[in-house]
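One letter stands for each residue in the lines below.
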Amino acid sequence: MTEEQAAAKAGRPIDIILKLRNVVDSLSASEKQVAAFILDDLERATLTTVSGISEAVGVSEPTVIRFCRSLGCEGFKDFKIRLARNLAVSLQYINPKARAANDRPAFSDLVFSSLVDTLKVARDQLDAEIVDKAAKAIDSARQVAFYGVGGGSSIVAQDAANRFFRFGVMATAHSDGYLQRMQASTFGEEDVVVAISATGRPQELIDSLTIAKQYGATTLALTKPGSPLTKVSDVVIELNLPEHPEIFKPTATRLVFLCVIDVLATQVGYMRGEEVRETLRRIRSSLSSLHETIDPQPIGD
């Protein structure tokens with residue numbers, strides 16, 4: 001059980017900042033003073049002691065502790081730890097850098113330049129031998145399953161299955177942890193499981209690869225170097241990708257992962273040669289009456 005799961009089970013808040021904002025009106029007058037002091041400067045609050053807040057606000061130390069318990073925390077120490085952890089990931093969203101009215105970004109430049117820069121970083125980090133090993137494992141597999149969780153990785157997994165089935169690979173994709181575990185338990189030595197994760201930390205993926213691996217399946221991962229997921233993977237494509245600080249810009253990692261999947265698929269396509277040409281011809285022929293054109297088009301629109 002993760003710390004977040006344990007906290008939720010115990011009734012302690014995960015998003016302490018939101019909890020603080022929501023309960024202010026229900027607090028006592030003295031506790032409201034403590035809340036106002038903390039909300040005025042969240043960073044300062046993570047560095048202040050019980051006595052420091054007590055003196056600054058003009059309330060007793062037991063009042064400060066009662067305030068913390070009103071938020072579902074065990075005490076002041078628990079509150080500070082949760083606030084510091086919550087603030088670390090929230091600061092860029094609640095205290096954005098001010099922009100002048102005429103300082104709006106050129107959105108196409110913002111998105112495309114960030115993607116191009118990250119693609120260059122990824123290209124320099126890709127290990128050709130590792131990619132070759134991964135492509136050969138997929139090419140020789142009886143069936144291949146792509147696993148991802150969350151928004152970005154699950155979409156990449158779906159796209160991977162969509163990409164590889166066109167090349168005659170028996171490919172599926174799942175983002176549900178229960179389905180991943182069930183499918184992984186049916187695999188054997190002729191099968192391959194590919195886990196996709198920007199962080200390499202989701203327990204669902206680690207568990208699913210561990211299950212598949214114990215039954216003899218080959219496990220692949222597209223993930224961050226040194227992450228827990230790498231420890232249960234036979235072949236690891238490692239990428240350490242920077243993320244742009246602009247919070248409204250789409251994550252470049254998702255698009256880079258899609259590109260890496262295309263690299264693998266392209267290599268498998270060349271390895272299979274005529275077999276793939278015939279499969280693509282059949283697919284394209286089946287769609288020609290729908291498109292009403294014989295011009296070159298993406299397979300499947």
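Check the entry above for the structure.
Notes on the structure follow.

### Structural notes on the nonpolar core
Consideration 1: With 35 residues, the main nonpolar core has Phe146, Phe164 and Ile196 as its most contacted residues.
Consideration 2: For this core, the secondary structure elements donating two or more residues are helix 9 (128-139), strand 1 (143-148), helix 10 (150-165), strand 3 (191-196), strand 4 (218-223), strand 5 (235-238) and helix 13 (252-272).
Consideration 3: With eight residues, helix 13 is the largest single contributor of residues to this core.
Consideration 4: When near neighbours in sequence (up to four residues on either side) are disregarded, phenylalanine 164 contacts Ile138, Phe146, Val169, Ala171, Ile261, Leu264, Ala265 and Val268.
Consideration 5: In this structure, Leu27, Ile53, Val57 and Phe79 belong to the second largest nonpolar core, which totals 25 residues.

### Digging into the pattern of salt bridges
Consideration 1: Taken as a whole and judged by the stated rule, the model has twelve salt bridges.
Consideration 2: Its salt-bridge partner being aspartate 207, residue arginine 181 comes within 3.0 Å of it at the nearest N-O pair. Taken together, the residues arginine 181 in helix 11 (residues 177-184) and aspartate 207 in helix 12 (residues 203-214) connect sequence positions 26 residues apart.
Consideration 3: Look at arginine 181 and you get partly exposed, because its relative accessible area is 39%.
Consideration 4: On the basis of relative accessible area, aspartate 207 is assigned to the partly exposed category, the value being 24%.
Consideration 5: The residue lysine 213 makes a salt bridge to aspartate 234 at a minimum N-O spacing of 2.2 Å. With lysine 213 in helix 12 and aspartate 234 in the loop between strand 4 and strand 5, this pair connects stretches of sequence that are 21 residues apart.
Consideration 6: Given the relative accessible area of 40%, aspartate 234 is considered partly exposed.
Consideration 7: Through salt bridges that share partners, Asp139, Arg272 and Glu275 make up one connected network.

Each value, and the rule that gives it
- Residues numbered from 1 in each chain as written.
- Predicted model: local features only at pLDDT ≥ 70, side-chain atom pairs only at ≥ 80, totals over all residues.
- Heavy atoms only, no water.
- Core = buried A, V, L, I, M, F, W, Y, C linked by side-chain atoms within 4.5 Å.
- Buried < 20%, exposed > 50% of the residue type's maximum accessible area, 1.4 Å probe, protein only.
- Helix = DSSP H or I, 4+ residues; strand = E, 2+ residues; numbered from the N terminus.
- Contact = heavy atoms within 4.5 Å.
- Salt bridge = Lys/Arg side-chain N within 4 Å of Asp/Glu carboxyl O.

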